[in-house]
Amino acid sequence: MDKLAHYRVLLEEILRADEKTDLADSNAETRVIIDPKTDNYQLMRIGWEGNSKRVYHCYIHASVRNQKIWIEQDFTEPGLALQLLGHGVPSEDIVLAFQAPLNRPLTGFAVE
């Protein structure tokens, strides 16, 4: 399997595993959203807490582009980047896109 195909499968596996984790105390649904045409991967929580409080939260948003995994948003523990490293993805193939471009060189991950 080539590198990008492996990254796509790995992202889906991680999100599907996180989908089964209880992320919040509510009756909202946890959903994995994958768009293979644009290579975007999201873990969302959508629904209602009680009858009046709307729940709409993106826990993870990642994309595959320029031969790398770009983490656009991550509100999970231990975090998507650490999970990817644990699965053998090199840090130079992970971009913490939620960090300002000026700060990315300080993260220990890819800058773009």
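A. Spotlight on the pairing of strand β3 (residues 53-65). Relative to β3, strand β2 (residues 40-49) runs antiparallel, the two sharing 10 bridges. Paired with G47 across the two strands is V55, which belongs to β3. Linking β2 back to β3 in an antiparallel pair, the connection comprises 3 residues, with G50 at a positive phi of about 70°. Two elements, β3 and strand β4 (residues 68-74), share 6 bridges in a ladder whose sense is antiparallel. Across the sheet, the residue bridging to R65 is K68, located in β4. Hairpin connection from β3 to β4: 2 residues lie between these consecutive antiparallel strands, with N66 at a positive phi of about 50°.

B. Here's a closer look at the pairing of β4. In terms of residue burial, β4 counts as a mostly covered element, since 5 of its 7 residues are buried. As judged from the 3 bridges shared by β4 and strand β5 (residues 94-96), these two strands associate in the parallel manner. Opposite W70, over in β5, you have V95 as the bridge partner. Once you follow β4 into helix α2 (residues 80-86) and on to β5, the crossover reads as right-handed.

How each quantity is defined
Residues numbered from 1 in each chain as written. Predicted model: local features only at pLDDT ≥ 70, side-chain atom pairs only at ≥ 80, totals over all residues. Heavy atoms only, no water. Pairing = 2+ DSSP bridges. Helix = DSSP H or I, 4+ residues; strand = E, 2+ residues; numbered from the N terminus. Buried < 20%, exposed > 50% of the residue type's maximum accessible area, 1.4 Å probe, protein only. Right-handed = clockwise from strand over helix to strand, strands pointing away.

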